[in-house]
Amino acid sequence: MNGYPIGLHKWDLDTPALCLDAPALEQNISRMAKYFAERPASLRPHSKTHKCPTIAWMQLRAGAIGITCAKLAEAEVMAQAGIRDILIANQIVGIRKISRLVNLAAYSEVMVAVDDPANAEDLSAAAQAKGVRLRVLLEIDVGMGRCGVAPGEEALALARRVSELPGLCLEGIMGYEGHAVMIPDFEERRRVTEEAMAKLVSVRDLLEEKGIEVKIVSGGGTGTYTITGNYPGVTEVQAGSYATMDGQYRRVGIDFAPALTVVARVISVRGDRAIIDAGLKTLTPEFGMAEVVHPEGWELTRLSEEHGFLRRKGGPELHSGDPVELIPSHGCTTINLHDEYYVVRDDVVEAVWPIAARGCIR
Ligand SMILES: Cc1ncc(COP(=O)(O)O)c(C=O)c1O
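Residues numbered from 1 in each chain as written. Predicted model: local features only at pLDDT ≥ 70, side-chain atom pairs only at ≥ 80, totals over all residues. Heavy atoms only, no water.

Looking at the pattern of salt bridges
(1) Moving on: Overall, the coordinates contain 24 salt bridges when judged by the stated rule.
(2) Moving on: For the salt bridge of Asp85 with Arg135, the shortest nitrogen-to-oxygen distance reads 3.8 Å. With Asp85 in strand E4 (residues 85–88) and Arg135 in strand E6 (residues 134–139), this residue pair connects regions lying 50 residues apart in the sequence.
(3) Moving on: Classification of Asp85 as partly exposed rests on a relative accessible area of 24%.
(4) Moving on: Residue Arg135 is classed as buried on the basis of its relative accessible area, which comes to 15%.
(5) Moving on: When the shortest N-O distance is used, the salt bridge between Glu299 and Arg311 registers 2.9 Å. Placement of the pair is Glu299 in strand E13 (residues 298–303) and Arg311 in strand E14 (residues 308–312), with a sequence separation of 12 residues. (Salt bridge = Lys/Arg side-chain N within 4 Å of Asp/Glu carboxyl O. Helix = DSSP H or I, 4+ residues; strand = E, 2+ residues; numbered from the N terminus. Buried < 20%, exposed > 50% of the residue type's maximum accessible area, 1.4 Å probe, protein only.)

Structure representation (structure tokens):
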């Protein structure tokens, strides 16, 4: 922790520190909210990125209809912060989690994804025992090859089974086009996304033809919101990273403002090599190295546990103790390493927000 840092310049924070630029965050949230205010589809932002009820509430106040979570424990944190309408865009299996889920359903409007009849039966039995009706979305595999039933007969059979189960209420379908969100060429991304959404909407058409109502059709991410969000029949978009942004989405041309940075400090300099106090326990590397934005002309080349290796590429001389600021390449997993955001405006800390759902992997 950083003692009482309010009013400190971000360079004076104890490091490494995860910083969030408040104007950039506010701008991202309002820009996305405005985009969906003008369209038939609504925004249900994924909170697995920011993991912070304060930010979820900012998104809801700006017009989001609810939030999305990846894990039950995240949903519990959000519900404890007073958020009611929550989609867990994932399967909840096993008796321990299912009993937590029906407890949560007793005091929130939680929805959960299902792709398996036996799981649906377990959910229904637990919901009945608790005296609640659990809202569910069928998860459809729209080409990502992760969870989800195939469009067509398999989806119809599961929808019929879920509709018969007394503890469940079938609200609709979801299909996440995760295989499309990072395609660098926008036209190719559009083609793959539209192909995925055509599969999803074909399931809605089939179910409705057979007399099964489909109120919700949900998909989409930060890389595809302009495509999925305009696709006829899609009712909700689950984009999450847009609020904080990160390097991987910058690289594919998504132009939300980079609100999230890590401020680190130089601890050693040898010629054109500088070592900072941020390594793998501060920044995650699965999408490449973080981008050094201060000072310019230095590049992060490697991370070990507690050390980051910078190489000089025409930048100013660095000295031990100098601050360095970086944009993480992957916001979701980097944020999950930190306890709090240092929220800065004009480079001065104005708030500290706990990352309350950090580590909520169960
Ligand atoms: C189910 C689901 N929906 C939506 C998203 C989109 O999130 P983002 O906007 O951060 O790419 C993800 C990302 O992994 C996801 O798994």
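Comments concerning unusual backbone geometry
(1) Moving on: Here Thr15 and Pro16 are connected by a cis peptide whose omega angle stands at -5°.
(2) Moving on: Structurally, Pro16 is set in the segment before strand E1 (17–21).
(3) Moving on: Looking along the chain, the bond that leaves His294 and enters Pro295 is cis, with omega of -10°.
(4) Moving on: By secondary structure assignment, the location of Pro295 is in the loop between strand E12 (291–294) and E13.
(5) Moving on: Of note, Asp346 is a non-glycine position whose phi angle comes to about 50°, a positive value.
(6) Moving on: Within the secondary structure, Asp346 sits in the loop between strand E16 (340–345) and strand E17 (348–354).
(7) Moving on: For Asp347, which is not glycine, the phi dihedral falls at a positive 70°.

A word on the domain arrangement of the chain
(1) Moving on: Taken domain by domain, the chain comprises domain 1 (10–19 + 254–354) and domain 2 (22–244).
(2) Moving on: Taken together, the contact between domain 1 and domain 2 spans 17 residues of the former and 25 residues of the latter.
(3) Moving on: Between domain 1 and domain 2 lies a buried interface of about 1700 Å² when both sides are counted; carbon and sulfur atoms form 65% of it.
(4) Moving on: Area buried by domain 1 at its contact with domain 2 is led by Phe256, Cys332 and Trp353, which between them contribute 37% of it.
(5) Moving on: One can count 2 salt bridges joining domain 1 with domain 2.
(6) Moving on: Among the salt bridges present, the one from Asp255 reaches Arg31, with a minimum N-O distance of 2.7 Å.
(7) Moving on: Counting the contacts that link domain 1 with domain 2 gives 7 residue pairs in polar contact (both at pLDDT 80 or more). (Domains from an automatic or database assignment. Contact = heavy atoms within 4.5 Å. Buried area = accessible area lost by both parts, 1.4 Å probe. Polar contact = N/O pair within 3.5 Å; in protein donor to acceptor, adjacent residues only side chain to side chain.)

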